[in-house]
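Single-letter residue listing:
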Amino acid sequence: MKKLTLLALILFPLFVKSQEISQQYKVYDVKQQKTVSLDEIVAAMANADVLFFGEEHNDSIGHYLEVSLFKKLAVAYNNKVGLTLEMFHTDVQPVINEYLAGIINEKNFIKEARAWNNYKDYEPMIAFAKSQGIAVIGANAAGRYSNSVTKNGLEILAKLPANSKQFLPPHSIDTLTGRYYEKFIALLGGHGMGAMKVYQTQNFWDATMAWSIAKFAKENKGKKIFQVNGRFHSDEKLGTYAQLKKYAPKLKALNIAAFAAEDFDNPDWEQHQHLGDYVILTNPKVKKSF
């Protein structure tokens, strides 16, 4: 089976024909108040450093758009880009680097980098990065640390050995309040001590991803960064986006909120425009990727 055919089967369980893909999503530029193309987002990155893609983890069209945008960014900016991912953790960076360098095989990479169950959705981006010599950064905190924060609170991180702390933000973590807190509590279904510790874990994830982005930016001046995460982490420029402003206030970021929308056929853009710089609606009739 040809690689292109295999990729189509992976990305489109509903077997959407390639010539019809453009009909399965709509891109809205909030500032310009009009629909635009992916190329216009890429062009806007000439004046920005980081592009957040806030996804729904099981959206096939969304995953297709991530790959498309990442490739377009690489072409437009002469491969001077980096890919930072929520889906991999900071402590597996050596494994990621070994795979990108062709030292270990994909089977070992998937196992030892603790790839998500839907790794197939992110494999095309990683494969492209590998072929082009582009850095891929595991941006999130390892599950063992997150679980410990959920159980014990953020203060437990201070007890970690020094060689463990290298994988985590070196400064205190800001538990952002206001709109982000209210959104999270509404999602969780109520307040309480347990809810607060879970919220601290959410901020821990956000801070770790923001620190990872800031660290890469500092070490790679001038490179564009494509950050992929669940949309809750960056919608309304909250979460990871807001934490990045604290770690690297001089970096300019743009964010995309992408999701399957029931009003896809006749979008109410006013209802969605608070979510970010760009809103991408995908066709909910297309099957999810897992």
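Here, every reference points to the structure presented above.
The structure presented is a predicted model; accordingly, all values stated were derived computationally and were not measured.

Chemist: Whenever I open this one, the nonpolar core confuses me. Can you help?
Modeler: Across soluble globular proteins, you tend to see nonpolar side chains buried next to one another. Counting 48 residues, the largest nonpolar core has Phe-88 and Phe-226 as its most contacted members. For this core, the element with the highest residue contribution is helix α3 (residues 60-76), accounting for seven residues. The next biggest cluster of nonpolar side chains, apart from the first, holds 14 residues, and it includes Ala-214, Ile-225, Ala-248 and Ala-253.

Chemist: Please explain the environment of Asn-47 as it appears in this structure.
Modeler: Mapped onto the elements, Asn-47 comes out in the loop between α2 (38-44) and β3 (50-55). Here Asn-47 falls in the exposed class, since its relative accessible area comes to 59%. Spatially, the C-alpha atom of Asn-47 lies 9.7 Å from that of Leu-254, the residues being 207 residues apart in sequence.

Chemist: Sorry if this is basic, but what is going on with the environment of Asn-283 here?
Modeler: Inspection of the secondary structure assignment puts Asn-283 in the segment after β8 (278-282). Sequence spacing of Asn-283 and Ala-260 is 23 residues, and the spatial spacing of their C-alpha atoms is 5.6 Å. With residues up to four places along the chain from it excluded, the contact list for Asn-283 reads Gln-24 and Phe-264. A distance of 2.8 Å separates the side chain of Asn-283 from the side chain of Gln-24, its partner in a polar contact.

Chemist: What am I meant to see in the packing of aromatic side chains here?
Modeler: Per the stated rule, a full pass over the model turns up 14 aromatic pairs. Consider the rings of Tyr-28 and Trp-269, whose centres lie 4.5 Å apart with planes at 5 degrees: the pair is stacked. Placement of Tyr-28 in strand β1 (residues 25-29) and of Trp-269 in helix α12 (residues 269-272) is noted, with a sequence separation of 241 residues between them. What makes Tyr-28 buried here is its relative accessible area of 6%. The exposure class assigned to Trp-269 is buried, which follows from its relative accessible area of 14%. When the centroid spacing of 5.6 Å and the interplanar angle of 80 degrees are considered together, the rings of Phe-70 and Phe-128 count as edge-to-face. Taken together, the positions of Phe-70 in helix α3 and Phe-128 in helix α6 (residues 123-132) put the pair 58 residues apart, joining distant regions of the chain. Ring pairs connect the aromatic residues Tyr-180, Tyr-181, Phe-184, Tyr-199 and Phe-232, which therefore count as one cluster.

Chemist: Looking at this structure, I do not really get helix α4 (residues 93-100). What am I missing?
Modeler: The periodicity of an α-helix, 3.6 residues per turn, causes residues three or four places apart in sequence to face the same way. What α4 keeps buried is the set Gln-93, Val-95, Ile-96, Tyr-99 and Leu-100. Buried residues along α4 cover an arc of 160 degrees about the axis, so they all sit on one side. Buried positions along α4 lie against β4 (81-89), α5 (106-112), α6 and β5 (135-140). Positive backbone phi, at 80 degrees, marks Gly-102, one or two positions downstream of α4.

Chemist: Explain the packing of α3 against α6 to me, please; I cannot follow it from the model alone.
Modeler: When two helices pack together, their arrangement is given by the angle between the helix axes and by the axis-to-axis distance. The interhelical angle for the contact between α3 and α6, taken along N-to-C directions, is 20 degrees, at an axis separation of 9 Å. The angle between α3 and α6 falls in the class roughly parallel. By crossing handedness, the relation of α3 to α6 is classed as right-handed. Together, Glu-66, Val-67, Phe-70, Lys-71 and Ala-74 of α3 and Pro-124, Met-125, Phe-128 and Ala-129 of α6 make up the contact between the two elements. Looking at side-chain class alone, the contact of α3 with α6 contains seven nonpolar, no polar and two charged residues.

Chemist: Honestly, the sheet that holds β4 in this entry has me stumped. Any pointers?
Modeler: Whether parallel or antiparallel, the strands of a sheet pair through hydrogen bonds between backbone atoms. Spatial ordering of the open sheet is given by β2-β1-β8-β7-β3-β6-β4-β5, a layout of eight strands whose pairing is mixed. Each of the sheet's edge strands pairs with one partner strand only, and the pair in question is β2 (34-35) and β5. In terms of strand pairing, β1 meets β2 through two bridges, oriented antiparallel. The residue bridging Asp-29 from the neighbouring strand is Lys-34, located in β2. Contacts from α6 reach β4, β5 and β6 (224-230) within the one sheet, and its direction differs from that of β4 by about 140 degrees.

Conventions used here
Residues numbered from 1 in each chain as written. Predicted model: local features only at pLDDT ≥ 70, side-chain atom pairs only at ≥ 80, totals over all residues. Heavy atoms only, no water. Core = buried A, V, L, I, M, F, W, Y, C linked by side-chain atoms within 4.5 Å. Buried < 20%, exposed > 50% of the residue type's maximum accessible area, 1.4 Å probe, protein only. Helix = DSSP H or I, 4+ residues; strand = E, 2+ residues; numbered from the N terminus. Contact = heavy atoms within 4.5 Å. Polar contact = N/O pair within 3.5 Å; in protein donor to acceptor, adjacent residues only side chain to side chain. Phe/Tyr/Trp six-rings, centres within 6.5 Å; stacked < 30°, edge-to-face > 60°. Arc of directions from axis to C-beta. Axes fitted to C-alpha atoms, helices over the stretch in contact; angles between N-to-C directions. Parallel < 35°, antiparallel > 145°, perpendicular 65-115°, else oblique. Left-handed = near helix turned anticlockwise from the far one by under 90°. Nonpolar A, V, L, I, M, F, W, Y, C, P; charged D, E, K, R; others polar. Pairing = 2+ DSSP bridges.

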